[in-house]
Structure formats: C-alpha cells, structure tokens
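Close look at the chain arrangement
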Amino acid sequence: MKVAEAVGRALYAAGVGQVFGVVGSGNFHLTNAMVAAGSRFVAARHEGGAATMADAYARVSGTVAALSVHQGPGLTNAMTGIAEAAKSRTPLLVLAAEVTEPRSNFYVDQEALARSVGAVTARVTSAEDAVTQALDAVGRAVCERRTVLLNLPLGVQALDVPDVSDDSLALAVEPPERAPVEPEFADVEALARVLEKSRRPVFVAGRGARSPGARDALAALAERHGALLATSAVARGLFHGDPWSLDVSGGFASPLAAELIQEADLIVGWGCALNMWTMRHGRLIGPDTTVVQVDDDASALGAHREVHLGVTGDVELTARRALETHDANGQAQQGEQAQQGHRAQQGQQSRQGFRTADIGASIAARVRWRDVPYEDTSSRERIDPRTLSIALDDILPAERVISVDSGNFMGYPSMYLSVPDENGLCFTQAFQSIGLGLATAIGAALARPDRLPVAALGDGGAMMGAAEFDTVRRLGLPMVVVVYNDDAYGAEVHHFGPDGHPLDTVEFPPTDIAAVARGYGFEAVTVRTQADLKAVEDWLAGPRSAPLLIDAKVVADRGAWWLEEAFRGH
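Residues numbered from 1 in each chain as written. Predicted model: local features only at pLDDT ≥ 70, side-chain atom pairs only at ≥ 80, totals over all residues. Heavy atoms only, no water.

Thoughts on the state of the cysteines
Applying the stated criterion across every chain, the model contains 0 disulfides. C272 takes part in no disulfide bond, and the closest cysteine sulfur to it belongs to C426, at a distance of 17 Å. (Disulfide = S-S within 2.5 Å.)

A word on the side chain of N423
Among the structural elements, N423 can be located in the loop between α16 (411–416) and β14 (425–426). In contact with N423, not counting residues within four places along its chain, are V60, R210, V401, R448 and R451. (Helix = DSSP H or I, 4+ residues; strand = E, 2+ residues; numbered from the N terminus. Contact = heavy atoms within 4.5 Å.)

Some remarks on helix α7 (residues 130–143)
The terminal C-alpha atoms of α7 lie 20 Å apart, and with 14 residues this matches the ideal 20 Å at 1.5 Å per residue to within 8%. Among the residues of α7, those classed as buried are A130, V131, Q133, A134, A137, V138, G139, A141 and V142. Immediately downstream of α7, the backbone of R145 shows phi near 50 degrees, a positive value. (Expected span 1.5 Å × (residues − 1). Buried < 20%, exposed > 50% of the residue type's maximum accessible area, 1.4 Å probe, protein only.)

Looking at the pattern of salt bridges
Scanning all chains against the criterion turns up 33 salt bridges. A salt bridge links E84 to R59, with the shortest nitrogen-to-oxygen separation between them at 2.8 Å. Here E84, found in helix α5 (residues 79–87), pairs with R59, found in helix α3 (residues 47–61); they are 25 residues apart in sequence, far enough to count as distant. Accessibility classification places E84 together with R59 in one group, the buried group. Across the salt bridge formed by D393 and R400, the nearest N and O atoms sit 2.7 Å from each other. (Salt bridge = Lys/Arg side-chain N within 4 Å of Asp/Glu carboxyl O.)

Section: the sheet that holds strand β1 (residues 18–21)
Across a sheet, paired strands are connected by hydrogen bonds in the backbone, their directions being either parallel or antiparallel. The 6 strands are arranged β2-β1-β3-β4-β6-β5 in an open sheet whose pairing can be described as parallel. Two strands lie at the open edges of the sheet, namely β2 (40–43) and β5 (120–123), each paired on one side alone. Taken over all neighbouring pairs, the strand axes of this sheet differ in orientation by 25 degrees on average, direction set aside. Bridge count for strand β3 (residues 65–69) against strand β4 (residues 92–98) is 5 bridges, and the pairing is parallel. Directly across from A66, in β4, lies its bridge partner L93. (Pairing = 2+ DSSP bridges. Axes fitted to C-alpha atoms, helices over the stretch in contact; angles between N-to-C directions.)

Things to note about the confidence of the model for the protein
Summary statistics for the protein give a mean pLDDT of 93 and a share of 94% for residues scoring 70 or more. Between residues 339–347, whose pLDDT stays under 50, and residues either more than four places distant or in other chains, the model counts 9 contacts. (pLDDT = per-residue confidence, 0-100.)

A closer look at the environment of A319
Structurally, A319 can be placed in helix α13 (residues 315–339). Sequence-wise, A319 and A556 are 237 residues apart; in three dimensions their C-alpha atoms are separated by 45 Å. The residues contacting A319, other than those within four sequence positions of it, are A217, L218, L221 and W270.

Let's talk about the side chain of D405
Examined against the element boundaries, D405 turns out to sit in the loop between β13 (400–404) and α16. Buried charge without a partner: D405 forms no salt bridge, and the closest opposite charge is R59, 12 Å away. Polar side-chain contacts of D405 include one of 2.9 Å to the backbone nitrogen of G435. Polar contacts involving the side chain of D405 include one to the main-chain amide nitrogen of G437, which spans 3.2 Å. Other than its neighbours up to four places away in sequence, D405 contacts M410, Q429, S433, I434, G435, L436, G437, A456, L457 and G461. (Lys, Arg positive; Asp, Glu negative; His and termini not counted. Polar contact = N/O pair within 3.5 Å; in protein donor to acceptor, adjacent residues only side chain to side chain.)

A short note on helix α10 (residues 185–197)
Between its terminal C-alpha atoms α10 stretches 19 Å, which fits the 18 Å expected from 13 residues at 1.5 Å a residue. Taken residue by residue, α10 has V188, A190, L191, A192 and L195 as its buried positions.

Side note on the nonpolar core
L67, I82, M479, V481 and L549 are the most contacted members of the largest nonpolar core, which has 54 residues in total. In this structure, V480, V525, W539 and W562 belong to the second largest nonpolar core, which totals 43 residues. (Core = buried A, V, L, I, M, F, W, Y, C linked by side-chain atoms within 4.5 Å.)

Quick look at unusual backbone geometry
For R280, which is not glycine, the phi dihedral falls at a positive 50 degrees. Position of R280 relative to the elements: it lies in the loop between β10 (266–270) and β11 (290–295). The phi angle at H281 is positive, at roughly 55 degrees, despite the residue not being glycine. Counting through the fold element by element, H281 comes out in the loop between β10 and β11.

This is the structure in structure tokens:
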C-alpha cells in the first residue's frame, strides 16, 4: 500500500469525514483514498472557496474538517481562507502535496507560507512514520484548536508502507477532545468576590462559550447575580430568547445595548477576546468598570486590553465553580444567621443587580436593531437595506443558518436577521476579507442540512466568489443568496467619498447579478421595492428545487453605522 492511500485511510479512521478541495495530480491519490475509506469530498471551483467551506463546516459541525490541495499554486490559492481559519483557531487540517526540489515550477516554501498566516505545520517524512505523523497532525488540530498544514512530499506519497494492513489502519482512532481546563480555586474565589460586589454586571460571551453547556452555566450564574447577557459577533444567538440578552456587544451593538454596557460596573468576558470590535476600542468600558476575562488559554488573558482579573479555565467549568462558590458562601451565611436567630436573606436567592423592571421593559422594546426608528430612504429604484433586512427576517423561516461576507452592508444581515442559537450565524470575519461569504454558506449548509442556508453578500464579494455558484447548484443546496448590491465597494465609497477623493476605482457599472446566477442554474429575482419580495415567498412555498438569488438594489446614500469604527481598526 502506498503512503498516499495509507494516510488517506488513516485520516478517515481518525474522524476526518469531510474533505473539501480542488484535486490536481499531487493530491489525487490521497483524496481518492479518503473517499474510498468513507470521507465525503466536496469539489470546489477554487481552492480559496474550498478552504473557507472547510473552515465553516468545522465551525458549525464542531468536528475537524480537511482541505485537500495541489502543491504550490493549489496552496497559494487557498491562503486567504487558511488565514481566516488560522486567525479564528478553527480545527482544520490542510493536506497539501509538496515538491521539495527548488527548481520545480511548483516549488514554494509551503511551511513558511503557513506560518506567516498563523497556521502550524507538520510533514510526512517517511513511509514508516507516515500514518503516525498524519494522526499526530489531526490530534494537534483537535486538541490545540489549530489550523494545521500537513505537507505530503510527492516522493514520499509514492513509497510503499511496510507492514501495513486494513486491520492496522482500522486501529487509528479519533483523537480525544480537548480536555476542559479546570480553573484554580483561588481564581474562582476572586471571581466570586468580584461578582458579589457588583451591582450592574454584564457578561460578554465569545467563541469559547459557544456550547449548550456553557450557555446554561452562564445563564444560571447571570441570574444569580443579576447580570445582563451579551455576545461577540461570532457567538451571536447564544442567549437567543433570554429576556435579559442585549444581543451583540461592540460595533454591531444597538444604541440601547451600548448604553447599558457602558453603565456596567463589571464586565466579564467569557471565552471572549474583549478586542477592539467587541468593546468599540474600549469605549464600551466605563472609567470605573472592573474588567474580568475568563479563557482556557492563558496567553489570551489581557491580550487586547488590561484586565483587573484574569482566570485561566474552561468557560462552563469556571461558571459552574463560581456558582458553587456562591451557593457555598450563601449556605454558610444562612448557618451563621440561624445561629444568631435571624432569618437568612442571601443564600441561594438571586440578586436584582442590573435586572430591574425598567431595564427589562427597555430591552423588550428597544434592544433589537429592527425596533430602532429610522428614516426609510427607499425609492422606486432602490431599497433601504434596513427595510430589506427586516422584510427578509419576517419572510425567511426561523430555523436558518446565516453566513455573512465582509463589506459596508454586513451589519444589516448580521443584526437585522435573527438567528435561533449560536449555530445560526457563521461569521468568517477574523481576517476581514471580502469574497468568503458564499463559500462560508456552503460549508455551513453541509454542516446543518436541517436549516435553510442564507448567504448575505455584497456585490463585490458576490462577484469575487461567483465560481462557487456552480458548487451550490451542483450540490443541490436549497440556499437563499441575498446580494446587497450598491454597484460599488461601498466601504471605500463612504470612507473616502466625504473627503472629495475620486471614486472611479471603487464604483462599477450596474451588474445584473440575477442574470449571472441564472446562468449557473439558480432561480433569481431582482428586488427594488418590498413588493418584489413576493417572489421570495413563492420560492419558499415551492419545491425549492434550485437555489434562489436575490439581487437587491440597495440605496447607497450613506455608510453603515459601524463603518468608521471598522476603519479605525485597520
């Protein structure tokens, strides 16, 4: 058995059941071996799309996925998607064929490429060790939550593996999940004391809190201390339905959410970086606010801003330990008061904290962006993106998984379209690249086939990733693609235009993106007014036998509310 086949079979046995890629001569045998073993392979039209599909699939499914690419240009084509995955700490295995002869046209320093964007590297170096080295790469991706490039030199792939059999390959097992990090008792005690002193606490949950267990633990601890709940953008939906949820903290926050977070006397980031996006460059933190950060990676604590207390620990475990500490302290207080003949007042009772009747009423009435009054600037030719997004939110089924590209438009679908839980929004924005949205939606759709996939794109990102329209149609995905089409790179128009700079380089003639989609086999509708959305309702009521693209001609009279803040982050 050749190394390529042995590695392919071993990877499947180790749990790599989903592979995306573009197959060339260098990764042909490896990819086919994985398929023969049982992995599902999705052929993309471009390696960049394949990388982002794999990233999104891993995020939404909670499993490790693989990207298979040809040596040299196959890897360089995929680098933007790999950079996004690496920056987001997505458990992803990149399988790249490799030439080692510098005179080859395909030669590049693939290891240096990967390291330059934050991925880690491994290499299959011999026939004897090939299977072990491949399994070690999977283990590192899972246990360290890293994007791992596994280089597979062509010469090594073609070698015979000694003493390998189907039975021995069957012994390859999935690596154990990352063990939850137990927080130090002293740190939990310190956190409990800070929570006890607080009167206006806010919890902000991030990527590290995206699990049902973490959600339930945080909700219980927040109830006990009267804390309001918020998330970073990547964890949006975690507290969906909770009456004390402020939705997203940061640049996307509604005016009420921003106001309440600024009034907090304590902000606790749970698996959340508390970076410039989530804290609006620190402007959401009051001058006297205590800041606490909980993360299972000690190097993350205080990485973006100074914290008063850093706790190294798994989010769910830390929240539950803090809850137990509170209960234990309360029971001790009850015992002391009983000995003195007084009725206990504390114990396990919840504190009011930030959860007053007035604040509850305000949250119910004003925390959603769609409930914030605005002047509708729609015309007969173009629709206001807020009006469009609110209408789509009402039309589309609630069980949805939304993927959003980058650009001036991105806040509208991210915040005006509701999501059912933390798996309802796949937000590949760590690198802020446009053109990833459609591929993100494909990966998310395959991970959650029970939900309607919705891709929200700008016209720039839609045209940049248009090759993957073919992948959507070929896979038979019942996807809705919404293009917020302002015939421009809107972020640059609204950033540079007010200063009188020429905009010829970032504005384009009108493009009939609906016609482009029809050419790929989509159903498509051009939307200029709300009445045009009747076609969307008809598609939803029908067989959905082909994907639907909505070419929404949106007004371009202003920059999105979060735009200038985004440019400050450059």
